[in-house]
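# Breakdown of the fold
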Amino acid sequence: MQVMKFGGTSVANAVNINKVVAIVQQAQKKGRTVVVASALGGVTDLLLQSGALAAAGDEQFRSVLLTIEQRHLEAVKALIPVAKQSSVLSWVKQRCNEIEDVCNGVFLLGELSARTRDRIAGFGEIISSYIISVRMAADGAVWKDSRELILTDSNFGHAAVVRDVTDHAIQQYFSAVENQLVIVPGFVASDASRNTTTLGRGGSDYTAAIFAAALDADVLEIWTDVSGMMTADPRLVPHAKALPNISYQEAMELSHFGAKVIYPPTIQPVMKKNIPVWVKNTFEPEAYGTLIEKDVKLNGNHIRGIASINKITLLSLEGGGMVGIPGFSKRLFEALANEQINVILITQGSSEHSICVGVEDANAEKAKQVIDDAFRFEIQSGKVDPLVIEKELAVVALVGDNMKSHPGVSGKMFGAMGRNGVNVRAIAQGSSERNITSVIAAADVRKAINILHEEFFETSYKQVNLFLAGTGNVGGKLIAQLQQQQQYLLDNLRLQLRVISIANSRKMVFKEDGLDLQNWKAALDGGEEMELQQFVELVRNKNLRNAVFVDVTANNEVAKVYDQLLSKSISVVACNKVACSSSYSYYRKLKDLAREYNASFLFETNVGAGLPVIGTLSDLMRSGDVVNRIEAVLSGTLNFVFNHYNGERPFAEVVKQAQDEGYTEPDPRLDLSGTDVMRKIMILARESGEQLEMEDISNNTFMPASCMQGSVEDFYKEMASQEAHFKALYQQAANDGKKLKFVASFENGKASVGLQHIDPAHNLYHLYGKDNVVLFYTNRYPDQPMVIKGAGAGAEVTASGVFADILRAAH
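Parameters and conventions
Chains are numbered independently. Their residues run from 1 in the order of the written sequence. Selection of residues for local features in this predicted model requires a pLDDT of at least 70, selection of side-chain atom pairs for listing and counting requires 80 or more, and totals for whole chains, interfaces and linings are taken over all residues. Side-chain measures here rest on the full set of heavy atoms in the structure, leaving out hydrogens and waters. Think of it this way: any DSSP run of H or I at least four residues long counts as a helix, any run of E at least two long counts as a strand, and we number them from the N terminus. As defined in this context, the radius of gyration uses C-alpha atoms, and a globule is described by 2.2 Å times the residue total to the power 0.38. Relative accessibility decides the category of a residue: with a 1.4 Å probe and only protein chains considered, values under 20% of the type maximum give buried, values over 50% give exposed, and everything between is partly exposed. Note on definitions: a residue-residue contact is assigned when non-hydrogen atoms from the two residues lie within 4.5 Å. Neither His nor the chain ends is counted toward charge; the positive residues are Lys and Arg and the negative residues Asp and Glu. To locate a charge, the coordinates of NZ of Lys, CZ of Arg, CG of Asp or CD of Glu are taken. Put simply, buried Ala, Val, Leu, Ile, Met, Phe, Trp, Tyr and Cys residues joined by side-chain atoms within 4.5 Å make one nonpolar core. By this definition, two strands are paired if DSSP reports at least two bridges between them. Think of a polar contact as two N or O atoms within 3.5 Å of one another; within protein, one of them needs to be a possible hydrogen donor and the other a possible acceptor, and neighboring residues in sequence only count if both atoms come from side chains. A pair of aromatic rings is counted whenever rings of Phe, Tyr or Trp (Trp by its six-membered ring) have centres within 6.5 Å, and the orientation is called stacked for planes under 30 degrees apart, edge-to-face for over 60 and tilted otherwise. Remark: a charge is flagged as sitting over a ring if the NZ atom of Lys or the CZ atom of Arg is within 6 Å of the ring centre and within 35 degrees of the ring normal. To define axes, lines are fitted to C-alpha atoms, for helices over the stretch in contact only, and angles between the resulting N-to-C directions are given on a 0 to 180 degree scale. Any angle that is under 35 degrees is reported as roughly parallel, and any over 145 degrees as roughly antiparallel; angles of 65 to 115 degrees are reported as roughly perpendicular and all others as oblique. Here a crossing is taken to be left-handed if its near helix is turned anticlockwise relative to the far helix by less than a right angle, and right-handed if that turn runs clockwise. This arc is built from the directions going out from the helix axis to the C-beta atoms.

Time to look at the overall build of the protein chain. Along its length, the protein chain carries 29 helices and 29 strands. A globule of 811 residues ought to have a C-alpha radius of gyration of about 28 Å, yet the protein chain, at 36 Å, is considerably larger. Taking all 811 residues of the protein chain together, 53% fall into the buried category. Excluding contacts between residues fewer than 6 apart, the proportion of contacts in the protein chain whose partners are at least 24 apart in sequence is 72%. Each charge class in the protein chain can be summarised by its mean position, and for the 80 positive and 92 negative side chains these summaries are 3 Å apart.

The structure is reproduced here in structure tokens:
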């Protein structure tokens, strides 16, 4: 004996019903078969809609009923031979007339009772199952109305089955009928007065389980539109994996916490009889699906799946008057139970000072009312605080039989969510340790489930989502490097880097599944107008896991939004020096936000382009060393200029060459004035633990004040007119056998920058091209400093430094 249930999508139309017929015909070869049919896909919703419209006095219910009738008549004409259609069409028409009569009564009364709603809702399964039985008459099928076999109480909408009477009726019927194929409607039953009742939405699964348990079936098959149960909802997690085997208890937990494949009460009847349940795909019948049974082989993963329930409200009852007083919990749950309010989650502090329950949003106001009534005296007397209601929440649960023997699962779960800014409002864990449940903001559900799926199931890769601002020299090179390395990172580091957004000063473009980096320019040109705050809100609202904002601009306003991103647990990688060289309070705020919200704030390229200057300094500090003095040449631009200027070519021409080769800031005056070097030494001083501001740094500038006025074009003209000044600077150093270097120094809390004459014995003398050098004198390196030296300017090396920071943030 086998019982097969087919869901609404499986019997949505004639084409799908023929697929069902083929599956059943194959199954019949194994033995006697019971088929439980759902309503045609969407019909139950239409029936309920027609009832609601009728109750509201809206005659539109008639057109809805006409749609329902037409769908069934079309199915008959497509499935039943013409010679046999007449009687079936007549039968269907009679049932549709019954529905219309009931709705007419509702329309006249202006009232839709729970009993009448059940009667209307149940017609879908009754009609569809009858049509299928006639379609399979040649295969020996007989139709039986489930309402004649399944007895329930009169709790319309969620009727409880009277199991002993029901089992006896089913067994008696099947012992009397000889047909090898019996087709019955799901979802419907009847009470002792023969009124139609329903078993809850999704109740056709439960119907099938009732028949399987009563008949001691060999197997219960649930045929749906997916190939079994999954590690997570594939609508939320594109890479969710099929679960070939799962235990009864795990299936119950997953279905309770929102897994839609199987109706929660289904498991209980078959579990008692140890009847396996096989979840199969009507549209891919050869797929294995999911086998639910008592004993399941370990698959190497102690987590079986992740599920969620949306639209949850938390009700919190707190007060000192609860401590040590027995009966508070009983009164709370009794009050909710009396109003048929289902409690999804319970958590209570060990201090007994508070108790928190989760209910569906739809029951929130009613729950508040009954709890306020139940504890009115305690609330008025101040022993208990007024009930606190929190809405727009959701439950996310990890489920697995083997969690109890694996320590650290909770830590891994909450650590992963915490690192991505998902706040956990409440936690519950059953004594069986079969599930760990957390309550989070509904807006974070997709993000949280993807985070947890990646943490517990993804052995293939980790996904990192990038939001990139700036497409100039460095930005363009960075995008090229990302494109070049995407496949390598996926193959070798199991990192999937996706650029979700690119923006510049004019345009911004977003693509949820990642931009094609080969065509990013065209995509950006076709994007919308750039508006910074709108861009920030879009980044925040995307709420993607492992999100990194990358700033390769030199824009003051962009640097001011870092705090909004870090406070959403979005990591920030900054090539832009403005934030770290702004006020110390803002610099400190960003560092603290990064720590508080488990985000990375990385800015290696603020000093030395791609050189590992800040990273090395951080390593020294973290390992307990103390920085006593720093000497550095920190401007690749100025080093390039003074290495190439010998008085034979005009100074302005050498500066222009540096700009053309991409070594300068967009405005070269930031380099030549020493401002950029001041920023860099201040950043190093701050990273060494010093509270330094720009006005604390002395600048011995070599640039005439007249050069710093007007536009960049004016700047070059004035430099040309000041050539004698620059030649004199060079000649003075050359006459002493020295070189000009623009040096930054930090010692004893003081910082300075300025042009110096460097003799050949100095560490800074042999510095060529656009190189930078940093000398750290520390407690561990008192005499011979730690030296970091190399190319300190250029779009390519700067982009590679930004890329390295992105990878650090990813890990």
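Still more to cover.
Here we come to the nonpolar core. The biggest cluster of nonpolar side chains holds 86 residues, and the ones touching the most others in it are Tyr562, Phe702 and Met719. Looking at this core element by element, the count peaks at 7 residues for helix α26 (residues 675-687). When sequence neighbours within four positions are dropped, the list of residues in contact with Met719 reads Phe651, Ala652, Val655, Leu672, Met703, Cys707 and Phe726. With 56 residues, the next largest nonpolar core counts Ala209, Ile210, Ala307 and Ile344 among its residues.

Strand order in this open sheet of 7 strands is β20-β19-β18-β17-β21-β22-β23, and the pairing throughout is mixed. Every interior strand has two partners, whereas the edge strands, β20 (528-529) and β23 (601-602), have only one. Sheet analysis places strand β21 (residues 547-551) next to strand β22 (residues 571-574), joined by 4 bridges and oriented parallel. Bridge pairing in β22 links Val548 to Ser571.

Moving on, we get to the side chain of Glu125. Relative to the elements of secondary structure, Glu125 occurs in helix α6 (residues 123-135). Among the polar contacts made by the side chain of Glu125, one reaches the main-chain amide nitrogen of Ala39 at a distance of 3.3 Å. Residues contacting Glu125, with those up to four places away along its chain left out, are Ala37, Ser38, Ala39, Thr44, Pro185, Gly186, Phe187 and Ser204.

Below, the discussion takes up the pairing of strand β9 (residues 277-281). As a general feature of sheets, a regular strand has side chains that alternate between the two faces. Counted residue by residue, β9 has 4 buried out of 5 residues, so it is predominantly covered. As judged from the 3 bridges shared by β9 and strand β10 (residues 290-293), these two strands associate in the antiparallel manner. What sits directly across from Val277, in β10, is Ile292.

Before going further, it helps to spend a moment on the packing of aromatic side chains. In this structure the tally under the stated criterion is 24 aromatic pairs. Ring geometry for Phe601 and Phe603: centres 5.0 Å apart, planes at 50°, overall tilted. For Phe601, a relative accessible area of 8% translates into the label buried. Members of the aromatic cluster, connected to one another through ring pairs, are Phe467, Phe510, Phe535, Phe549, Tyr562, Phe601 and Phe603. In this arrangement the basic side chain of Arg95 is found over the ring face of Trp91, its NZ or CZ atom lying 4.6 Å from the centre. Looking at Lys739, its charged tip hangs above the ring of Tyr765, at a distance of 4.5 Å from the centre.

Right, let's talk about the packing of helix α22 (residues 613-622) against α26 for a bit. For the pair α22 and α26, the least separation of the axes is 10 Å and the interaxial angle reads 20°. Between α22 and α26, the interaxial angle falls into the category roughly parallel. Two packed elements cross with a definite hand, and for α22 against α26 that hand is right-handed. Residues Val613, Ile614, Leu617, Ser618 and Met621 of α22 form the contact with α26, whose participating residues are Ile683, Leu684 and Glu687.

In this structure, Asp216 is a non-glycine residue whose phi angle is positive, near 50°. Counting through the fold element by element, Asp216 comes out in the loop between α8 (203-214) and β7 (219-224). Judged by relative accessible area, Asp216 falls into the partly exposed class, the value being 48%.

Of the positions making up helix α5 (residues 114-121), those classed as buried are Asp118, Ile120 and Ala121. Along α5, the residues classed as buried sweep out an arc of 165° about the axis, all on the same side. For α5, the elements touching its buried residues are α2 (43-55), α4 (82-109), α6 and β6 (196-198).

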